[in-house]
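# A structural walkthrough
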Amino acid sequence: MKITQVEAIPFAIPYRKPLRFASGEVHVAEHVLVRVTTDDGVVGVAEAPPRPFTYGETQASIVAVIDSIFAPEVVGLDVVEREQIHARLSRTVGNPTARSALDMAIWDALGQSLGYSVTDLLGGYTDRMRVSHMLGFDEPAAMVAEAERMHDTYGITTFKVKVGRHPFTLDTAVVRALREGLGDAVELYVDGNRGWSASESARAMKEMADLGLTFAEELCPADDVLGRRWLVAQLDVPFIADESVVTPAELTREILGGSATAASIKTARTGFTTSRRVHHLAEGLGIELVMGNQIDGQLGSLCSVAFGSAFELTSRRAGELSNFLDMTDDLLAEPLEIHAGELVARSGPGLGALIDPDKLAHFRQD
Ligand code: MUC
Ligand code: MG
């Protein structure tokens, strides 16, 4: 089960409509497919979504760091040597989605070699998650119509609403329209991607106090250290740290410092190995977790549901698993399907992800 080859293949698939949020927008999924081959003939896969506005990576930088630094570190190691692989990949700072895609492709290969699903290897708590859909910036009527379509077509009843615009009333009007349009049975929470100041966030949350929000996420920057503590202390809903907690140490600092009271796990940025560390830490700290979406394609969403369904804590809340629905196509031979508001993790072996060779040939950029 020794790793013989690592490939980083850039590909691009357009979105039907761009996703807009406070820190950027995405029109085309310019991702990188990572493929790991072992000497027993197994091929593990995962995808890396570059988010330059969040982590500084680009499609080209992901390919470069994998080809020039990460691949030479892991070729020759056995896929069971996960802590050795983790230690070697951790020698390079930054590059979270490149490192994570390689980590997850290795877990996929491990699962295939052993004949178990990744979910069972990680924890095997359940095989599915409820789905939360993320709504990007638009006019209130368009965002309500999209939420209604997601509800009626896929049975989705949890929505994360992107906020962080100026004036904040643009966003509070949307959340109010969603609550009025969809009723009290749906769950709503907001994600500011650091777009507001602490005081704007406080005013916006006061204005939405009657709307029954479940969470608030990353409304203002974690670097506004005292302002954020002041905000979090006055909220009566958990405040989710997302892009401010890429490592377990950052999560510890944010929670102990009073700058967050919950966290998002994104397998796109912490893979399976570090996501597991974040999960165990969160359990010890006694905070809630939400499986987040790094605007993943189907392969990335499959990785999220594989991890999220492995543990009780991550499967308790709906996971953000549906934004691949906005892509015009994908690489998976067998598409993911959301039914009755749920996405099922594949029974494996590994991730159960088969790449369609014709689609890869069509969308690859190299
Ligand atoms: C999220 O939860 O913030 C939007 C930008 C990004 O980096 O991730 C997404 C979703
Ligand atoms: Mg977020």
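Residues numbered from 1 in each chain as written. Chains lettered and ligands numbered in written order. Predicted model: local features only at pLDDT ≥ 70, side-chain atom pairs only at ≥ 80, totals over all residues. Heavy atoms only, no water.

## As for the overall build of the protein chain
Each helix and strand in the protein chain was counted, giving 15 helices and 12 strands. Its C-alpha atoms give the protein chain a radius of gyration of 20 Å, within 12% of the compact-globule value 21 Å for 366 residues. Expressed along its principal axes, the backbone C-alpha trace of the protein chain runs to roughly 60 × 40 × 35 Å. A total of 366 residues make up the protein chain; the buried ones form 58% of that total. When contacts within the protein chain are restricted to residue pairs at least 6 apart in sequence, long-range pairs at least 24 apart make up 74% of them. Per element, the accessible surface of the protein chain, about 13,600 Å² overall, is 51% carbon and sulfur. Of the charged side chains in the protein chain, 33 are positive and 52 negative; the average position of the first set lies 3 Å away from that of the second. (Helix = DSSP H or I, 4+ residues; strand = E, 2+ residues; numbered from the N terminus. Rg over C-alpha atoms; globule rule 2.2 N^0.38 Å. Buried < 20%, exposed > 50% of the residue type's maximum accessible area, 1.4 Å probe, protein only. Contact = heavy atoms within 4.5 Å. Areas by Shrake-Rupley, 256 points an atom, 1.4 Å probe, with all protein chains shown as cover. Lys, Arg positive; Asp, Glu negative; His and termini not counted. Charge placed at Lys NZ, Arg CZ, Asp CG, Glu CD.)

## Some words on the pattern of salt bridges
A complete count under the given rule lists 24 salt bridges for this structure. In this structure, Arg 35 engages Glu 7 in a salt bridge whose closest nitrogen and oxygen atoms are separated by 3.2 Å. Of this pair, Arg 35 sits in strand E2 (residues 24–38) while Glu 7 sits in strand E1 (residues 3–21), and the two are 28 residues apart along the sequence. Residues Asp 127 and Arg 128 are paired through a salt bridge, measuring 2.8 Å at the closest nitrogen-oxygen approach. For Asp 127, a relative accessible area of 34% translates into the label partly exposed. (Salt bridge = Lys/Arg side-chain N within 4 Å of Asp/Glu carboxyl O.)

## Considerations on helix H6 (residues 140–154)
In a regular helix each residue adds 1.5 Å, so 15 residues correspond to 21 Å; H6 covers 21 Å between its end C-alpha atoms and thus fits that length. Residues of H6 that are buried: Met 143, Val 144, Glu 146, Ala 147 and Met 150. Taken around the axis of H6, the buried residues stretch over an arc of 160°, which confines them to a single face. Facing away from the buried surface of H6 by more than 90 degrees, the exposed residues are Ala 141 and Asp 152. If you follow the buried residues of H6, they end up packed against E1, strand E4 (128–135), strand E5 (158–162) and helix H7 (169–182). Gly 155 occupies a position one or two residues after H6 and carries a positive phi of about 75°. (Expected span 1.5 Å × (residues − 1). Arc of directions from axis to C-beta.)

## Looking at helix H8 (residues 198–207)
What H8 keeps buried is the set Ala 198, Glu 200, Ser 201, Ala 202, Ala 204 and Met 205. Tucked into the core, H8 has its buried residues touching H7, strand E6 (187–191), strand E7 (216–217) and helix H9 (225–234).

## Focus: the layout of surface pockets
Size it by volume and the largest pocket reaches roughly 360 Å³. Lining the largest pocket are 16 residues, with Ala 222, Asp 223, Glu 243, Ser 244 and Glu 254 sitting closest to its centre. When contributions to the lining of the largest pocket are tallied by element, the ones reaching two or more residues are H9 and helix H10 (248–256). No other element matches the three residues that H10 contributes to the lining of the largest pocket. (1 Å grid on protein atoms, 1.4 Å probe; cavity = no way out; pocket = protein on both sides within 12 Å on 5 of 7 lines; lining within 4 Å. Points joined across faces, edges and corners; volume = space filled by probe spheres on them.)

## Observations regarding the UniProt feature "domain: Mandelate racemase/muconate lactonizing enzyme C-terminal" (unreviewed entry) in the protein chain
Mapped onto the present numbering, the UniProt feature "domain: Mandelate racemase/muconate lactonizing enzyme C-terminal" (unreviewed entry) falls on residues 140–238. The span residues 140–238 shows a helical share of 49% and a strand share of 12%, and its end C-alpha atoms are spaced 25 Å apart. (UniProt positions renumbered as here; feature names shortened; annotations may be inferred.)

## Concerning the environment of Val 290
By the secondary structure assignment, Val 290 is in strand E10 (residues 288–291). Val 290 gets classed as buried once you look at its relative accessible area, which sits at 2%. Between the C-alpha atom of Val 290 and that of Gly 41, which follows or precedes it by 249 residues, the distance is 35 Å. Non-local contacts of Val 290, meaning those with residues more than four positions away in its chain, are made with Tyr 189, Phe 215, Ile 240, Ala 263, Ser 264, Ile 265, Arg 317, Ala 318 and Glu 320.

## Remarks on the packing of H6 against H7
Taken N-terminus to C-terminus, the directions of H6 and H7 make an angle of 40°; their axes are 9 Å apart at the nearest point. In terms of their interaxial angle, H6 and H7 are classed as oblique. Classified by chirality, the crossing of H7 by H6 is right-handed. When H6 is examined against H7, the residues Pro 140, Met 143, Val 144, Ala 147 and Glu 148 are found in contact with a partner set consisting of Val 174, Ala 177, Leu 178, Gly 181 and Leu 182. (Axes fitted to C-alpha atoms, helices over the stretch in contact; angles between N-to-C directions. Parallel < 35°, antiparallel > 145°, perpendicular 65-115°, else oblique. Left-handed = near helix turned anticlockwise from the far one by under 90°.)

## Considering the site of ligand 1
Taken together, the neighbourhood of ligand 1 is formed by 13 residues, with Lys 160, Lys 162, Asp 191, Asn 193 and Gln 294 sitting nearest. Within the side chain of Thr 54, one N or O atom sits 3.0 Å away from an oxygen atom of ligand 1. Within the side chain of Asp 242, a nitrogen or oxygen atom sits 3.1 Å from an oxygen atom of ligand 1. Expressed as a share of its isolated accessible area of 280 Å², the protein-covered part of ligand 1 is 100%. Judged by the proximity of its atoms to the pocket grid, ligand 1 belongs to the largest cavity. A per-class count over the shell around ligand 1 returns three nonpolar, four polar and six charged. (Near = heavy atom within 4 Å. Polar contact = N/O pair within 3.5 Å; in protein donor to acceptor, adjacent residues only side chain to side chain. Sits in = over half its atoms within 2 Å of the grid points. Nonpolar A, V, L, I, M, F, W, Y, C, P; charged D, E, K, R; others polar.)

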